[in-house]
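Letter by letter, the chains look like this.
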Amino acid sequence: MKRASAPDLFDHASQETLQRSQPLAARMRPRTLDEYVGQEEIAGPGRLLRRAIEADKLFSSILLWGPPGTGKTTLAMIIANTTQSHFEQINAVMSGVADIRRITAEAQERLKMYRRRTILLIDEIHRFNKSQQDALLPHVENGTVVLIGATTENPYFEVIGPLVSRSRVFQLKPLSDNNVRDLIERAVKDPERGYGNLAIEIDEDALAHLIRVAGGDARNALNALELAVESTPLTTDNQIHLTLEVAQESIQRRAILYDKDGDAHYDTISAFIKSVRGSDPDAALYWLAKMLYAGEDPRFILRRLMILAGEDIGLADPLGIVVANAAAQAFERMGLPEGVYPIVEATLYLSTAPKSNSAGAYFRALKQVEAEGKIDVPQHLQDANRDAKALGHGQGYQYPHSFEGHHVAQNYLPEAIKGMRFYEPSDQGYEAQAADRLDRWRKAVETTLSIEPHAGPEVTEQEIIGLKKKLK
């Protein structure tokens with residue numbers, strides 16, 4: 001039998017020591033697809049990605065996108081343990097173009113000399129800037145490397161289009177409560193990498209707390225379990241008893257998925273605004289609490305509330321924008337934590353106010369302006385202060401306050417679009433009262449001047465977005 005040399009024994013002992021010193025989450029990282037927990041839709045039996053991994057036929061690049069602790073790096077490492085290809089791993093935070101050039105040059109040599117492919121895992125690939133991603137592109141395109149990119153950010157926004165188009169995107173979801181339970185129980189029972197050699201008793205309410213507060217993040221759950229086990233003294237019968245109190249101390253605050261520049265930021269504010277627009281104050285308060293809990297800038301929320309007051313409430317309740325603006329001013333004087341009250345009051349007021357998007361009529365008028373080009377202002381509406389005598393500006397204008405009811409039937413639109421209607425008031429709140437007056441005035445004008453009313457151009461939501469951008 002061949003005896004191990006001293007350096008071999010030293011290296012082996014060093015590796016064992018290093019492995020034992022790793023955090024529990026790192027030690028318990030699944031090594032095979034059978035150990036892998038969650039993500040059944042992409043890695044479950046019979047799924048495309050699983051079949052490719054098991055057959056060692058991963059020929060096209062992939063992007064693994066999902067929140068922290070959902071198994072992106074773990075899945076990549078399973079591929080590394082399964083494939084016969086050479087495997088390289090770098091982190092985008094600590095690597096650059098020089099590393100890409102070195103790895104791709106070695107991959108080209110390896111492919112030419114040994115017909116051996118190279119799989120390159122880039123963790124946090126969204127941290128690479130455009131030039132770094134561009135440097136990688138030709139080597140992915142010609143097959144020098146098969147890319148596995150792991151990212152917590154939406155790759156359709158954070159990764160250059162050519163790389164995305166040459167990769168298959170797999171979206172990973174937060175783990176289910178049952179997934180997290182399985183991982184915790186596995187760590188408690190595993191004698192090699194976990195705590196199977198210890199007598200651990202974990203109360204059901206303590207386990208439920210760890211699962212609930214982990215928020216679908218395996219690393220968060222295992223880190224909390226490790227802290228609980230390592231900090232809890234043995235009982236008289238040499239057991240470690242994890243109670244609810246211990247669990248609460250180990251993981252006191254749920255990890256909220258919220259990046260101020262990422263998808264969660266935009267998705268959460270979207271849910272908040274849609275809840276206020278949909279007149280659901282309970283849902284609005286939930287999303288508001290989530291944003292403030294995660295550290296969102298209250299001024300950003302207040303700005304969106306002021307926009308909503310103009311766009312979705314409008315003249316159904318003209319006080320809506322007054323309340324939103326007053327809340328913003330009050331917050332500037334109060335700050336947090338007391339400043340949460342005006343934000344909440346504005347949220348509740350706008351959620352329960354009558355709704356109208358009639359102010360969007362502006363964009364119908366804007367679309368008409370864009371379509372018609374230059375049209376002169378009718379003579380009777382022109383400024384009479386400068387050229388009334390020489391050019392007749394203002395001639396024929398009738399001053400409404402000189403007439404009964406402070407209204408007189410006259411045309412205020414260019415002749416070419418006379419009778420066109422852009423604004424259609426809703427039947428909500430104050431606007432319903434204004435609608436009655438407007439209807440009388442319009443009919444008086446149309447009857448007196450023999451004008452045939454007709455609707456202005458319709459605008460889609462996408463057209464409104466485009467028109468808004470032109471206002472910036």
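See the structure printed just above.
Below is a short write-up of the structure. (Residues numbered from 1 in each chain as written. Predicted model: local features only at pLDDT ≥ 70, side-chain atom pairs only at ≥ 80, totals over all residues. Heavy atoms only, no water.)

Quick look at the pattern of salt bridges now. This structure, assessed with the given rule, holds 21 salt bridges. Note that Arg-102 is salt-bridged to Glu-106, the shortest N-O span being 3.6 Å. Of this pair, Arg-102 and Glu-106 both sit in helix H6 (residues 97-114), separated by 4 residues, roughly a single helical turn. Judged by its relative accessible area of 38%, Arg-102 is partly exposed. Of the charged contacts in the structure, one is a salt bridge between Asp-134 and Lys-130, with a shortest N-O distance of 2.9 Å. With a gap of 4 residues between them, Asp-134 and Lys-130 both fall in helix H7 (residues 130-141), about one helical turn apart. Its relative accessible area of 32% is what places Asp-134 among the partly exposed residues. For Lys-130, a relative accessible area of 56% puts it in the exposed group. A network of salt bridges, in which partner residues are shared, links Arg-31, Glu-35, Asp-190, Glu-192 and Arg-193. (Salt bridge = Lys/Arg side-chain N within 4 Å of Asp/Glu carboxyl O. Helix = DSSP H or I, 4+ residues; strand = E, 2+ residues; numbered from the N terminus. Buried < 20%, exposed > 50% of the residue type's maximum accessible area, 1.4 Å probe, protein only.)

The next subject is the layout of surface pockets. Volume-wise, the largest pocket comes out at about 1,300 Å³. Along the wall of the largest pocket there are 34 residues; nearest its centre are Arg-277, Ile-307, Glu-311, Ile-465 and Lys-468. Elements supplying a minimum of two residues to the lining of the largest pocket: helix H14 (263-277), helix H16 (298-313), helix H19 (361-372) and helix H22 (461-471). Ranked by residue count, the leading element in the lining of the largest pocket is H16, at 7 residues. Looking at the lining of the largest pocket residue by residue, the class counts come to 15 nonpolar, 6 polar and 13 charged. (1 Å grid on protein atoms, 1.4 Å probe; cavity = no way out; pocket = protein on both sides within 12 Å on 5 of 7 lines; lining within 4 Å. Points joined across faces, edges and corners; volume = space filled by probe spheres on them. Nonpolar A, V, L, I, M, F, W, Y, C, P; charged D, E, K, R; others polar.)

Counting residues in hydrophobic clusters, the biggest one holds 30 residues, and the most contacted among them are Leu-24, Ile-184, Ile-200, Leu-222, Leu-225, Val-229 and Leu-242. Taken together, the elements giving at least two residues each to this core come down to helix H2 (24-27), helix H10 (177-189), helix H11 (204-214), helix H12 (218-231), strand E7 (240-242) and helix H13 (244-250). The greatest single-element share of this core, amounting to 7 residues, is contributed by H12. Not counting the four nearest positions on each side in its chain, Leu-242 is found in contact with Ile-200, Glu-201, Ile-202, Asp-203, Ala-206, Leu-225, Ala-228, Val-229 and Thr-232. Membership of the second largest hydrophobic core comes to 22 residues, among which are Ile-62, Ile-79, Phe-87 and Leu-121. (Core = buried A, V, L, I, M, F, W, Y, C linked by side-chain atoms within 4.5 Å. Contact = heavy atoms within 4.5 Å.)

Read across the sheet, 5 strands follow the order E2-E3-E4-E1-E5 without closing on themselves; strand pairing throughout is parallel. The outermost strands of the open sheet, each flanked by one partner alone, are strand E2 (86-91) and strand E5 (167-171). Between one strand axis and the next, the sheet turns through 15° on average, direction left out of account. Sheet strands in contact with H6 are E2, strand E3 (118-123) and strand E4 (145-151), and its direction is about 175° off that of E2. (Pairing = 2+ DSSP bridges. Axes fitted to C-alpha atoms, helices over the stretch in contact; angles between N-to-C directions.)

With that settled, consider the side chain of Glu-446. Here Glu-446 shows up in helix H21 (residues 429-449). Filtering out sequence-adjacent residues up to four positions away, Glu-446 remains in contact with Arg-421, Ile-451 and Pro-453.

What follows concerns the packing of aromatic side chains. With the rule as written, the count across this model stands at 2 aromatic pairs. Taking the centre distance of 4.8 Å and the plane angle of 80° together, the rings of Tyr-286 and Trp-287 count as edge-to-face. Considering the side-chain rings of Tyr-362 and Phe-363, the 5.1 Å spacing of their centres and the 80° angle between planes classify their relative orientation as edge-to-face. The class for Tyr-362 is partly exposed, based on a relative accessible area of 40%. Classification of Phe-363 as buried rests on a relative accessible area of 11%. (Phe/Tyr/Trp six-rings, centres within 6.5 Å; stacked < 30°, edge-to-face > 60°.)

Most of strand E1 (residues 61-65) sits out of view: 5 of its 5 residues are buried. Bridge count for E1 against E5 is 5 bridges, and the pairing is parallel. Note that in E5 the partner of Leu-63 across the bridge is Val-169. Note that E1 and E4 share 4 bridges and pair parallel. Within E4, the position partnered with Trp-65 by the bridge is Thr-151.

A cluster of nonpolar side chains, namely Leu-319, Ile-321 and Val-322, defines an oily patch on the protein surface of about 260 Å² accessible area. Secondary-structure assignment places Ile-321 in helix H17 (residues 319-334). A residue is classified by how much of its surface remains accessible, and Ile-321, at 42% relative accessible area, is partly exposed. (Patch = residues over 30% accessible without salt bridge, like charges linked within 9 Å, V, L, I, M, F, W, Y side chains within 5 Å. Areas by Shrake-Rupley, 256 points an atom, 1.4 Å probe, with all protein chains shown as cover.)

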